[in-house]
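Coordinate analysis (summary)
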Amino acid sequence: MKGRTWRKRKKKILTTACHSKTFGHQDEKGLGQWMRQCGMKKTNLKFWDFPSTGRGLMATQKINSGDIIISVPHHLLITIDTVLTSEIGPALKQSKPKLSLQESLALFILLEKGKGNNSSWKTYINTIPKDFTTPGYFIADYNNDVLDRLKNSVQIHITKLRKAYKQCQTFCEKYLSDNLINLTFESFRWAWYAVNSRSVYYKAECCFLEEEDNNMALAPFLDLLNHSTDAKTDAGFNVVNNCYEIRTWNNYKKYDQVFISYGPHDNHKLFLEYGFILPNNPHTVLEFSPDQILEVASNNGVHHLHHKWTILKENNLLKGLSCSRDGMTWKMELVFKILVMNWQQLQDWKKIMLGLIISREIDDKAQSLALILFKSELKNSQLQLQNLKKSCNYLEEVCEKLLKEDLLILQNSIKCIV
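Residues numbered from 1 in each chain as written. Predicted model: local features only at pLDDT ≥ 70, side-chain atom pairs only at ≥ 80, totals over all residues. Heavy atoms only, no water.

**Comments concerning the overall build of the protein chain**
When you go through the protein chain residue by residue, the secondary structure sums to 15 helices and 12 strands. Over its C-alpha atoms, taken along the principal directions, the protein chain stretches across nearly 75 × 55 × 50 Å. For the protein chain, with 418 residues in total, the buried portion stands at 52%. In the protein chain, the proportion of contacts linking residues at least 24 apart, taken out of those at least 6 apart, comes to 73%. Summing over all exposed atoms, the protein chain offers an accessible surface of approximately 20,600 Å²; the carbon and sulfur share of this is 49%. Treating the 55 positive side-chain charges of the protein chain as one cloud and the 43 negative ones as another, the clouds have centres 5 Å apart. (Helix = DSSP H or I, 4+ residues; strand = E, 2+ residues; numbered from the N terminus. Buried < 20%, exposed > 50% of the residue type's maximum accessible area, 1.4 Å probe, protein only. Contact = heavy atoms within 4.5 Å. Areas by Shrake-Rupley, 256 points an atom, 1.4 Å probe, with all protein chains shown as cover. Lys, Arg positive; Asp, Glu negative; His and termini not counted. Charge placed at Lys NZ, Arg CZ, Asp CG, Glu CD.)

**Let's talk about the sheet that holds strand β11 (residues 321-324)**
Taken in spatial order, the three strands of this open sheet run β10-β11-β12, and their pairing is antiparallel. Strand pairing shows two members of the sheet lacking a second neighbour, β10 (286-288) and β12 (327-328), which therefore form its edges. Sheet topology places β10 next to β11; three bridges connect them, and they run antiparallel. Looking at β11, one finds that Leu 286 is bridged to Cys 323. (Pairing = 2+ DSSP bridges.)

**With respect to the pairing of β11**
Taking every second residue as pointing to the same face, both faces of β11 are buried, with Leu 321 and Cys 323 on one and Ser 322 and Ser 324 on the other. The antiparallel pairing of β11 with β12 creates a hairpin that spans two residues between the two strands.

**Focus on the side chain of His 227**
Turning to its location among the elements, His 227 is positioned in strand β6 (residues 226-227). According to the relative accessible area criterion, His 227 is buried, its value standing at 1%. A polar side-chain atom of His 227 sits 2.9 Å from the main-chain amide nitrogen of Tyr 262. (Polar contact = N/O pair within 3.5 Å; in protein donor to acceptor, adjacent residues only side chain to side chain.)

**Overview of the pairing of strand β7 (residues 233-238)**
One ladder, built from six bridges, connects β7 with strand β8 (residues 243-248); its direction is antiparallel. Bridging from a neighbouring strand, Phe 237 pairs with Tyr 244 of β8. Between the antiparallel neighbours β7 and β8 lie four residues, among them Asn 242 with a positive phi of about 60°.

**Here we look at the nonpolar core**
In this structure, Ile 88, Leu 107, Leu 183, Phe 188 and Phe 221 are the most contacted members of the largest nonpolar core, which totals 90 residues. Residues within four places of Leu 183 in sequence aside, it is in contact with Leu 107, Leu 110, Tyr 165, Cys 168, Gln 169, Cys 172 and Phe 188. In terms of nonpolar packing, the next biggest core, distinct from the first, is built from 39 residues, Leu 312, Leu 339, Ile 352 and Ile 417 among them. (Core = buried A, V, L, I, M, F, W, Y, C linked by side-chain atoms within 4.5 Å.)

**Looking at helix α10 (residues 305-314)**
Residues of α10 that are buried: Leu 305, Lys 308, Trp 309, Ile 311 and Leu 312. Viewed along the axis of α10, the buried residues span an arc of 155°, placing them on a single side of the element. Summarising the geometry of α10, the exposed residues directed more than 90 degrees from the buried face are His 306, Lys 313 and Glu 314. Packing partners of the buried residues in α10 comprise α9 (290-298), α11 (330-340), α12 (343-346) and α13 (349-353). (Arc of directions from axis to C-beta.)

**What about the pattern of salt bridges?**
In this structure the tally under the stated criterion is nine salt bridges. Residue Glu 400 pairs with Lys 404 through a salt bridge whose shortest N-O separation is 3.1 Å. On the criterion of helical spacing, the pair formed by Glu 400 and Lys 404 is a turn pair, its members being four residues apart in helix α15 (residues 394-417). Through salt bridges with shared partners, a single network forms among Glu 87, Glu 112 and Lys 115. (Salt bridge = Lys/Arg side-chain N within 4 Å of Asp/Glu carboxyl O.)

**Considering the confidence of the model for the protein chain**
Per-residue confidence for the protein chain gives a mean pLDDT of 87; residues scoring 70 or more make up 91%. For the stretch residues 1-24, pLDDT sits under 50, and the model shows 95 contacts to residues farther than four places along the chain or on other chains. (pLDDT = per-residue confidence, 0-100.)

**Here's the deal with the sheet that holds β8**
Spatial ordering of the open sheet is given by β3-β8-β7, a layout of three strands whose pairing is antiparallel. Of all strands in the sheet, those with a lone pairing partner are β3 (68-73) and β7, marking the two edges. Across this sheet, the average inter-strand angle for adjacent strands is 15°, counted without regard to direction. (Axes fitted to C-alpha atoms, helices over the stretch in contact; angles between N-to-C directions.)

**Description of the environment of Gly 32**
Here Gly 32 lies in helix α1 (residues 26-37). By relative accessible area, which is 4% here, Gly 32 ends up buried. Through-space distance from the C-alpha of Gly 32 to that of Tyr 193 is 23 Å; in sequence the pair is 161 residues apart.

Structure below.
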């Protein structure tokens, strides 16, 4: 599940909500009825507005581990086949360069939105949030006070969004008649994030699209399920009954909120893709770039650095270097061990990786080098937190929470060493 945006969740913790008076979201209430009229079997879930997580789905009776909680018929999924049979289908089949699946789905959503009451998908489209808390909605707010590590990721994310918009703009101008789609950057941004945050994994084969990432579809009603790190589910398309199904491996009582997992994502990933972060996220890590590792090695007298760096690069050991509240990952420990080896030890570096050589000297030197990096990053994070403006919008609040999270990880990693 690719999920949906997180709304009304600032300073909130995921909790199970008891049945309290719901608010008047008539669009969401009508969605289930519309889908049942279109052939979806009745589920033990209904829309509810939860105090701590916003809108979601509530169990209407006890749900046991192993139960299928929702089954969406194929004809109620929005897939590439749905798009190809629409008014923009002929243009997609002849367009060059080809659009991506996400771009195509975004244009389809805009096409149907523009039809208003004449769209057969009106009931579903009316349930899509009017805006999102994802990075593209804070373009004007990024400045030197924003968390450096987040800023770099966000810039890449926004560049991808703008590139997609330009490609779709060119496509519409070249292949579609005027006014078929109301395409502005603001409208495209909305549709892009609707697809990005609410789609499910659905493998598609289509020669008319770019060959990468053709693995998504929109699943009405199902995308109202919220994310929890404790949720255990299996999701996929059942070719026997021609439905997209979700099976839960959790137990729920009547009136519990029912969750799924969007994946084992840390808070940076959750914010970039879905627009929310989770307190006490067990998947949160602090990643370090190769440049940070190289800098600490260069400034602290590491010998044979060029040769060691070649080993690390050729063996793909410079990606995904991180630490968590439990300290350094095994991969990061290995990198520091290789960096502190003398020339003779370096000849057998693979034995260290396989655990065949245990050296207290290498361990101590590696931890000392790591400690220098962690203390330096701790100081930088404390300075950033000190200089961060008082939280007055959601972006600044996210930055503050992420910085505090980084501080905790660094402090715990230092404790693991000393």
